[in-house]
Amino acid sequence: MSKLPLISVLVLPILLAGSLSADAQFRYGHLVQIHELTFVPDSAQVQGDAFTVLVIQNREEGPILHEVRSKDLFEPGTLISVQGTGTVEYEGKQVSRVLLAPGEEVVIWYYAAKGRTYTYQCTINGHSMQGTVQAV
Ligand SMILES: [Cu+2]
């Protein structure tokens, strides 16, 4: 685990160099923060037909565990890699979900195909959270 935070240190400045706008949106990816049982922002657009990164951080102030599930993002041919400080769980060879304790983050590299919409969810402990990424 000790080497994992380094990845964020390397990746986030690259992302943030592109834009520091308030909507935290980046051309080749975007940053989502979880606050009060909500993905913020819960929708975004990214460049289509391009390698893209989605960073999701659990920023809850209380001890609230979240997960990231996504049939779309974790499917073969879409997912490139999952990094970060969260706990990655697998079903066979496929990522089934990533658990995020407060302060943890997941860095999802994937190929965004133009025209597709990718959804991700958290349903742990009765949560009904959803976010979408549209590749344009
Ligand atoms: Cu949740």
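Residues numbered from 1 in each chain as written. Predicted model: local features only at pLDDT ≥ 70, side-chain atom pairs only at ≥ 80, totals over all residues.

Quick look at the confidence of the model for the protein
For clarity, the cut-off: Think of pLDDT as the predictor's per-residue confidence, scored from 0 to 100. Distance between backbone-placed C-beta atoms decides contact: two residues are in contact if it is within 7 Å.
Here the protein averages 87 in pLDDT, and 80% of its residues register 70 or above. Low pLDDT, under 50, characterises residues 16–25; the predicted model gives this stretch 9 contacts beyond four residues in sequence or across chains.

Brief notes about the nonpolar core
The cut-off we apply is this: Think of a nonpolar core as buried Ala, Val, Leu, Ile, Met, Phe, Trp, Tyr and Cys residues, each tied to the set through C-beta atoms within 7 Å. Buried residues are those with 20 or more other C-beta atoms within 10 Å of their own C-beta, exposed residues have 12 or fewer, and partly exposed residues lie in between; C-beta atoms are placed from the backbone. Put simply, DSSP marks the helices as runs of H or I at least four residues long and the strands as runs of E at least two long, and each gets a number from the N terminus on.
Membership of the largest hydrophobic core comes to 25 residues, with the highest contact counts inside it found for Leu 54, Val 55, Ile 56, Val 68, Val 106 and Ile 108. Elements represented by at least two residues in this core include exactly β2 (29–35), β4 (43–46), β5 (50–58), β9 (94–100), β10 (105–112) and β11 (117–122). Tallying contributions element by element places β10 first for this core, with 5 residues. Non-local contacts of Ile 56, meaning those with residues more than four positions away in its chain, are made with Val 32, Ile 34, Val 68, Leu 100, Glu 105 and Val 106.

A closer look at the pairing of β10
What counts here: A pair of strands counts as paired when DSSP detects no fewer than two bridges linking them.
Counted residue by residue, β10 has 6 buried out of 8 residues, so it is predominantly covered. Sheet topology note: the β5/β10 ladder contains 8 bridges and is antiparallel. Within the sheet, the bridge partner assigned to Phe 51 lies in β10 and is Tyr 111. Bridging between strand β7 (residues 79–84) and β10 involves 5 bridges; their strand directions are antiparallel. The residue of β10 that forms the bridge with Gln 83 is Val 107.

Structural notes on the sheet that holds strand β12 (residues 129–135)
Note the threshold: Fitted lines through C-alpha atoms serve as axes, helices being fitted only where they are in contact, and the angles separating the N-to-C directions of these axes extend from 0 to 180 degrees.
As summarised here, the arrangement of the 3 strands in space is β4-β12-β11, forming an open sheet in which the pairing is mixed. Bordering the open sheet on either side are β4 and β11, each of which pairs with just one other strand. Averaged over all neighbouring strand pairs, the angle between strand axes comes to 20°, with direction disregarded. By the bridge criterion, 4 bridges tie β4 to β12 in an arrangement that is parallel. Counted as the bridge partner of Gln 45 is Gln 134 from β12.

Observations concerning the sheet that holds strand β6 (residues 66–68)
Read from one edge to the other, the open sheet built from 3 strands follows the order β6-β9-β8, with strand pairing classed as antiparallel. Lying at the two open borders of the sheet, with one neighbouring strand each, are β6 and β8 (87–91). Looking at each pair of strands side by side, their axes are set apart by 25° on average, direction ignored. Looking at chain direction, β8 and β9 are connected through 5 bridges and run antiparallel. Within the sheet, the bridge partner assigned to Val 88 lies in β9 and is Val 98.

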